[in-house]
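Observations on the model geometry
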Amino acid sequence: PDYLAYAAASRGYKAGGYNPAALPGSEAYGEEHAWHVEAGVKGTAAGGKGPVAIIVLGGGREGLAPEYGVANLSLHSMERLRYGARLAVQSGLPVLVTEGAPAARVPGALYMAQGLLEWGVRARWVESRALTTYDNALYAKEMLAPAGISRVALVTHAWHMPRAVAVFEQVG
């Protein structure tokens, strides 16, 4: 098998601000900083047949971002999306984004598809019903089946990957 070792580190920043629609006493919020570090080894199996599509799992959204006029993707979603875009550019594989809409809001997958365009990548599939990792796996399988796709590169955070892989394997 062929193997690829990889590592990535990124630092996120979210400015503080004021939300007049928040509960009294919690209108002001401070700035946030976050580090994300990821490393690992990837390999091909099944006779050298690697993945034939990329699935990027959503990681939530923030509230209204006035500068955009809509809700903004969370730091987790942005990190996953960025890595998914990088894989797509490097591999040429098509991308499926998946995140539903809790509380009947706009599905996160729509924001994810729009975000991918900022990196020059168009999502081939936009799955917007999933509310759980199990839903992500089930609905993604349904969308990819007509194209005959059963092997994927799953993009999520390292801390979420073991559970996500187990769920995707369970669904098939």
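The structure contained in this document is the topic of the report that follows. All figures in this text were calculated on a predicted structure; none of them were measured in a lab.

**Some remarks on the nonpolar core**
Ile-54, Val-56, Leu-81, Val-95, Val-97 and Leu-116 are the most contacted members of the largest nonpolar core, which has 19 residues in total. Excluding residues that lie within four positions of it along the chain, Val-56 makes contacts with Arg-80, Leu-81, Gly-84, Val-95, Leu-96, Val-97, Thr-98, Met-112 and Val-155. Within the second largest apolar cluster, 14 residues are counted, among which are Leu-96, Trp-125, Ala-140 and Ile-149.

**Section: the pattern of salt bridges**
Enumeration according to the criterion identifies 1 salt bridge in this entry. Between Glu-142 and Arg-129 there is a salt bridge, and its shortest N-O distance comes to 3.0 Å. Of this pair, Glu-142 sits in helix H3 (residues 133–144) while Arg-129 sits in the loop between strand S9 (125–127) and H3; the two residues are 13 residues apart in sequence, bridging distant segments of the chain. Since its relative accessible area comes to 43%, Glu-142 is described here as partly exposed.

**Re the pairing of strand S5 (residues 53–57)**
Counted residue by residue, S5 has 5 buried out of 5 residues, so it is predominantly covered. As defined by bridge partners, S5 adjoins strand S10 (residues 152–155) across 4 bridges and the pair is classed as parallel. For Ile-54, the partnering residue across the bridge sits in S10 and is Ala-153. Of the strand pairs in this sheet, S5 and strand S8 (residues 95–98) are connected by 4 bridges, and their pairing is parallel. Residue pairing for S8: Leu-57 is matched across the bridge by Thr-98.

**Here we look at the sheet that holds S5**
The sheet built from 4 strands is open, its strands ordered S9-S8-S5-S10 with parallel pairing. Two strands lie at the open edges of the sheet, namely S9 and S10, each paired on one side alone. Ignoring which end each strand starts from, the neighbouring axes of this sheet average 20 degrees apart. Contacts from H3 reach S5, S8, S9 and S10, with the element oriented near 145 degrees to S9. Taken strand by strand, helix H4 (residues 161–171) contacts S5 and S10, and its axis lies near 145 degrees from that of S10.

**Side note on the packing of aromatic side chains**
Considering all chains together, one arrives at 0 aromatic pairs under this definition. The lysine or arginine in question, Arg-129, covers the ring of Tyr-139, its NZ or CZ lying 3.8 Å from the ring centre.

**So, helix H1 (residues 75–91)**
For H1, which comprises 17 residues, the first-to-last C-alpha distance of 24 Å matches the rise-based estimate of 24 Å (1.5 Å per residue) to within 8%. Looking one or two residues beyond H1, the residue adopting positive phi is Gly-92, at roughly 80 degrees.

**A few points about the environment of Ser-150**
Summarising the element assignment, Ser-150 is placed in the loop between H3 and S10. Sequence-wise, Ser-150 and Ala-53 are 97 residues apart; in three dimensions their C-alpha atoms are separated by 8.5 Å.

**Digging into the side chain of Asn-136**
Among the structural elements, Asn-136 can be located in helix H3. Separated by 2.7 Å, the side chains of Asn-136 and Thr-98 make a polar contact. When neighbours within four sequence positions are excluded, Asn-136 is seen to be in contact with Leu-57, Thr-98, Glu-99, Glu-127, Ala-130 and Phe-168.

**Some words on the environment of Leu-116**
Mapped onto the fold, Leu-116 is located in helix H2 (residues 108–117). Along the backbone, Leu-116 and Gly-84 are 32 residues apart, and their C-alpha atoms lie at a distance of 8.5 Å. In this structure, Leu-116 is in contact with Leu-81, Ala-85, Val-95, Val-97, Val-121 and Ala-123, ignoring residues within four places of it in sequence.

**Description of the side chain of His-160**
Within the secondary structure layout, His-160 lies in the loop between S10 and H4. Beyond its immediate stretch of four places on either side in the chain, His-160 contacts Leu-57, Arg-80 and Thr-133.

Procedures and definitions
- Residues numbered from 1 in each chain as written.
- Predicted model: local features only at pLDDT ≥ 70, side-chain atom pairs only at ≥ 80, totals over all residues.
- Heavy atoms only, no water.
- Core = buried A, V, L, I, M, F, W, Y, C linked by side-chain atoms within 4.5 Å.
- Buried < 20%, exposed > 50% of the residue type's maximum accessible area, 1.4 Å probe, protein only.
- Contact = heavy atoms within 4.5 Å.
- Salt bridge = Lys/Arg side-chain N within 4 Å of Asp/Glu carboxyl O.
- Helix = DSSP H or I, 4+ residues; strand = E, 2+ residues; numbered from the N terminus.
- Pairing = 2+ DSSP bridges.
- Axes fitted to C-alpha atoms, helices over the stretch in contact; angles between N-to-C directions.
- Phe/Tyr/Trp six-rings, centres within 6.5 Å; stacked < 30°, edge-to-face > 60°.
- Lys NZ or Arg CZ within 6 Å of the ring centre and 35° of its normal.
- Expected span 1.5 Å × (residues − 1).
- Polar contact = N/O pair within 3.5 Å; in protein donor to acceptor, adjacent residues only side chain to side chain.

From the geometry alone we can't say anything about function, so treat these as descriptive.
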